[in-house]
Amino acid sequence: MNSITPTSQALLDRYEAVKKNFVGADVPWLAAIRDESAATFRKHGLPTPRTEDWKYTNLRALNKIAFDGDAATDVNVADLPERAGSGPRLVFVDGRYRGDLSHSGASTKGVRCSHVADLLESDKDLIEASLADTGDETPLLALNGAFQEDGYALILERTTLVDELVEVLHVNAGSAVNQPRNIIAVGAGARVRLLETHVGTDTSTQFFNGATVVTVDEGAKVEHLRHQMQPVSTVHINTIRAHVAVGASYNSFVLAEGGQMSRDEIQVALMGKAASTKLHGVYLGSGCQVLDNTTVIRHQAPGTKSEENYRGALNDQSRGVFQGNILVQKGADGTDGRMSNKTILLSGEAEINSKPQLEIYADDVQCAHGSTAGELEEAALFYLRTRGIPEGEAKTILVEGFLAEVMEEFGLGELAGAFRARISSWMEA
Amino acid sequence: MPAHTETVEQVQSVEKYKYGFVTDIETDSAPKGLNEDIVRFISAKKNEPKWLLEWRLKAFAHWLTLEEPDWAKVGYPPIDYQDAYYYSAPKTNEDAPETLDDVDPELLSTYEKLGIPLHEQEILAGVKNVAVDAVFDSVSVATTFKETLKEAGVIFCPISEAVQDYPELVQQYMGSVVPVADNYFAALNSAVFTDGSFVFIPKGVRCPMELSTYFRINAANTGQFERTLIIAEDNSYVSYLEGCTAPMRDENQLHAAVVELVAMDDAEIKYSTVQNWYPGDENGVGGIYNFVTKRGSCRGKSSKISWTQVETGSAITWKYPSCILQGDNSVGEFYSVAITNNHQQADTGTKMIHLGKNTSSRIISKGISAGKSQSTYRGLVKMMPKAEGARNYTQCDSLLIGKDCGAHTVPYIESRNPSAKVEHEATTSKIADDQLFYCRQRGMSEENAIALIVNGFCRDVLQELPMEFAVEAQKLVGISLEGSVG
């Protein structure tokens, strides 16, 4: 019997104390799933650096958080970031849907852009299925399963094409823990793009632990963009599980720049023939931040393809973590998997830990990975200096160029400008 | 004679123990099992000084507190450490085959393919009453070697002999690279090691010949817990070969060796291994468990340690030859070919720890899996904050032959210095059909074609081997993959 840490116990105590007040506490199947998730979490507790997957990212920052403190404050509407487009935007404050702050956008036939708590009756099966994963291998997913109350639900019927960008804004305002559980379910041949933005107020939530379950049916396409700009007081963990069917694709891009400790974990199962995924990301670390990007891609069917490209710039005493795992199961012949991670260290105290892993059980595969770490190339810097560009500016140009490559490769469309501007302003800060 | 007195005291203290082996001391083997008394027994048997016994006991005490590591990608039934012999004197010839005709024909055919002379075959197969000297053209050859080395000032002897003859050197360096408490298997080895090689190259000496365990006289049956220590003083050079391409049968299933290398200013050590222990049969029954800790310390400035390994044997290989690059401008290299077939499992790689300025390291690893085998590259490259201008280049390629095998890559890259540059590349693929077709079209059999292609795949590593090894290793690559196609 494992003894769990006091922090894990505190979370469980909190769960027992508040579970009666949860949305849907009176729905028996939902309450059962929560209890089951809590039990799974109890079995493992919070991961420690002794756990291989958490070797480089320590959750001890959570020890300082009092999970029973709830300073409910409202958000100032003026503080919310502007909408990126004219499509719908769902706003969640401390994990609860806020209809008054959301925009429904023009309604498209076959699309439901809603929140989970609203669908408990109408879509019980779908919700139950997506919650059923209690996360035996991912204790934080189990923890999320216990605490989840609400989250966005993006449901597309077959062959529905959504042209507008769907936006979701998560605002952390005052609660000590915020653990939304989201659902993306896309029918065969449908297509959608989603931008998730994570912000918080200075006095905001200290522990964000979100999870999203994605199912992409035959030939459908999902593009999932995330911009994580939490305040530096926050511990931010986001776990995504995507199941991709025949000929379908799940593509993800994450720009991570906030939080004292941030982990974006994506687990993609390429379940059908010729399913594909593209996971790209950019991380910008400064101060004492720890920015972790962890990905697991399971090639389970023949002819599946994955492409991964993460780049980051780290300043001050910040630390970057990249853990990529491409797993090719027996029978997944004709797999093509590529992974790349490159980091620029801008200061003498910054640190990068990179673990690009391949685990291959099929023989007809092409898999490759590469990883580099170092400082800006002196020759390039010198070149710019000889053209009369001051050192600071030259560095900005080079770092921006280095990171922008990933964005261009992914194709961010109308968001490219905004994301690029974030990098410039980060460099200037 | 303080050493002598110590030993006498030693033996007396052993006698005081409840389970003491008063009579066993006279015999040639210790009973099954592992406890403090066995450690004392081995030490006493080897007539060791007190400090070494204490060192062993410390290791043993620490071993008891450790748990067997389970992070490697290998699976095997639990080992019962109490159900093994930890000391036995060289075996008698009772059960040995009378002539080569009594030897397993499969083994003989392998020897033939490797082109091993008849006399050597007899030695390797353990045929009765064959003088080892015969292989080396009588004792004179061995004596010549010894004399040449002596003239140069090189010490090359069994470590048990070094403990008696050069205790201060052994005491100074043993355990300084792989501490007794380093890991489970190293601690076990420290407690119960029986023998191994000791090499000392004094200042400014370039060792006049390649040293090989093959030529080490008087070290037969060093057993399962081998311990090797090589020290290269300032400006010296040595190339050391370990193992042998011919398959070796061994009674002991568990092997836990420790190898420590120390290179001082401007010194260079080249350590080459060809490991071809019994891998078990095609159904995965039997085979050696090879859990080895190998580590080199580049202590001096501009020193260099180079590991080259060809791993084709053992049912399980757990081995990470590493370099601690402490001296400024020091260099670490790791060249590896690991071939697994049938049910073999190999989890091997390296660690390059960069501490000093402008240190550089290069890792070239080639893994080939066939049959139902699993092969893993696991490596760490670590740039510490003071490793200004350090450089690493890693390339690990895997080749898969067949549908039931696995090839895995688990690199850890940790950089804490911005001026350090780390580059890592890895690929996994199967033999391209067009390559195979090309060879077949020229009239090569499929097996030969694969051997040729795989040899090409491994060339970067094989060419690092000393000449005579390289030739045999190439043949070995082909033989190891036999039966993997068709």
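What you see is a predicted model; the values in this text were computed from it and never measured.

**Quick word on the overall build of chain B**
Turning to step 1, where the next piece is worked out: What chain B contains, in helices and strands, is 13 helices and 20 strands.
Turning to step 2, where the next piece is worked out: A total of 486 residues make up chain B; the buried ones form 49% of that total.
Turning to step 3, where the next piece is worked out: For chain B, contacts bridging at least 24 residues in sequence account for 83% of all contacts bridging at least 6.

**As for the overall build of chain A**
Turning to step 1, where the next piece is worked out: Helix and strand counts for chain A stand at seven helices and 20 strands.
Turning to step 2, where the next piece is worked out: Against the globule reference of 22 Å for 429 residues, chain A gives a C-alpha radius of gyration of 21 Å, in line with a compact fold.
Turning to step 3, where the next piece is worked out: Dimensions of chain A, computed from the C-alpha atoms along their principal axes, are close to 70 × 50 × 50 Å.
Turning to step 4, where the next piece is worked out: The buried share of chain A, reckoned over its 429 residues, is 55%.
Turning to step 5, where the next piece is worked out: The long-range fraction of contacts in chain A, counting pairs at least 24 apart against all pairs at least 6 apart in sequence, stands at 84%.

**Here we look at the pairing of strand S4 (residues 227-232) of chain B**
Residue and element names in this part refer to chain B.
Turning to step 1, where the next piece is worked out: The buried fraction of S4 amounts to six of the six residues, a majority that puts the element mostly inside the structure.
Turning to step 2, where the next piece is worked out: Of the two faces of S4, the one carrying Arg227, Leu229 and Ile231 and the one carrying Thr228, Ile230 and Ala232 are both buried.
Turning to step 3, where the next piece is worked out: As paired strands, strand S2 (residues 197-201) and S4 are joined by four bridges and run parallel to one another. Paired with phenylalanine 200 across the bridge in S4 is isoleucine 231.
Turning to step 4, where the next piece is worked out: Bridge analysis of S4 against strand S7 (residues 258-263) gives six bridges, and the strand direction is parallel. Note that in S7 the partner of threonine 228 across the bridge is valine 259.

**Description of the pairing of strand S16 (residues 305-314) of chain A**
Residue and element names in this part refer to chain A.
Turning to step 1, where the next piece is worked out: In terms of residue burial, S16 counts as a mostly covered element, since eight of its ten residues are buried.
Turning to step 2, where the next piece is worked out: Strand direction decides the pairing type here: strand S14 (residues 276-285) and S16, joined by ten bridges, are parallel. What sits directly across from glycine 285, in S16, is leucine 314.
Turning to step 3, where the next piece is worked out: Where S16 and strand S18 (residues 335-345) come together, ten bridges link them in parallel fashion. By the bridge assignment for S18, tyrosine 310 is matched with asparagine 341.

**Topic: the domain arrangement of chain A**
All names here are of chain A.
Turning to step 1, where the next piece is worked out: Each domain of chain A was delimited in the assignment, giving domain 1 (6-271) and domain 2 (377-429).
Turning to step 2, where the next piece is worked out: Here the C-alpha centre of domain 2 lies 31 Å away from the C-alpha centre of domain 1.
Turning to step 3, where the next piece is worked out: On the domain 2 side, the residues contacting the seven residues of domain 1 number eight residues.
Turning to step 4, where the next piece is worked out: Among the residues making up the side of domain 1 that touches domain 2, the classes are represented as five nonpolar, one polar and one charged.

**Observations concerning the interface of chain B and chain A**
It is common to give the size of an interface as the accessible area that goes away when the parts come together.
Turning to step 1, where the next piece is worked out: On the chain A side, the residues contacting the 30 residues of chain B number 31 residues.
Turning to step 2, where the next piece is worked out: Elements with a minimum of two residues in the side of chain B that touches chain A: strand S18 (391-401), strand S19 (406-415) and strand S20 (421-430) of chain B.
Turning to step 3, where the next piece is worked out: When grouped by side-chain class, the residues that make up the side of chain B that touches chain A number 13 nonpolar, ten polar and seven charged.

**Looking at the nonpolar core**
Turning to step 1, where the next piece is worked out: Ranked by size, the top nonpolar core spans 231 residues in total, and within it Val216 and Val244 of chain A together with Val199 and Ala232 of chain B carry the most contacts.
Turning to step 2, where the next piece is worked out: A total of eight residues in this core trace back to one element, the largest contributor, which is helix H12 (residues 446-462) of chain B.
Turning to step 3, where the next piece is worked out: Per-domain counts for this core show at least three residues from each of domain 1 (6-271) and domain 2 (377-429) of chain A.
Turning to step 4, where the next piece is worked out: When near neighbours in sequence (up to four residues on either side) are disregarded, alanine 232 of chain B contacts Ile201, Val238, Val262, Ala263, Met264, Ala267, Glu268 and Ile269 of chain B.

**Digging into the packing of helix H2 (residues 28-44) of chain A against helix H4 (residues 139-147) of chain A**
Residue and element names in this part refer to chain A.
Turning to step 1, where the next piece is worked out: Between H2 and H4, whose axes approach to 7 Å, the crossing angle comes to 145°. Handedness of the crossing formed by H2 with H4: left-handed. Contact residues: Ile33, Arg34, Ser37, Ala38, Thr40, Phe41 and His44 in H2; Pro139, Ala142, Leu143, Gly145 and Ala146 in H4.
Turning to step 2, where the next piece is worked out: In the contact of H2 with H4, the residues fall into seven nonpolar, four polar and one charged.

Thresholds, definitions, all that
Here the residue numbers are simple positions, counted from 1 along each chain's written sequence. Think of it this way: whatever chain is written first is A, whatever ligand is written first is 1, and the rest follow in order. Reporting of local features is limited, given that this is a predicted model, to residues whose pLDDT is at least 70; pairs of side-chain atoms are given and counted only at 80 or more, and all residues count toward the totals for whole chains, interfaces and linings. Only DSSP runs of H or I covering at least 4 residues are called helices, and only runs of E covering at least 2 are called strands; the numbering of each starts at the N terminus. Exposed residues have 12 or fewer other C-beta atoms within 10 Å of their own C-beta, buried residues have 20 or more, and partly exposed residues fall in between, where C-beta atoms are placed from the backbone. Contact definition: two residues whose C-beta atoms, as placed from backbone geometry, lie within 7 Å. Throughout, the radius of gyration refers to the C-alpha atoms, and the reference size of a globule is 2.2 Å times the residue count to the power 0.38. When DSSP locates at least two bridges between a pair of strands, those strands are taken to pair. Domain start and stop points were drawn from an automatic or database domain assignment. Lys, Arg, Asp and Glu make up the charged group, whereas Ala, Val, Leu, Ile, Met, Phe, Trp, Tyr, Cys and Pro make up the nonpolar group; the residues left over, Gly among them, are polar. A set of buried Ala, Val, Leu, Ile, Met, Phe, Trp, Tyr and Cys residues, joined through C-beta atoms within 7 Å, is what we mean by a nonpolar core. To obtain an axis, a line is fitted to C-alpha atoms, over the contacting stretch when the element is a helix, and the angle between two such axes runs from 0 to 180 degrees between their N-to-C directions. Two helices crossing with the near one rotated counterclockwise from the far one by less than a right angle form a left-handed crossing, whereas a clockwise rotation gives a right-handed crossing.

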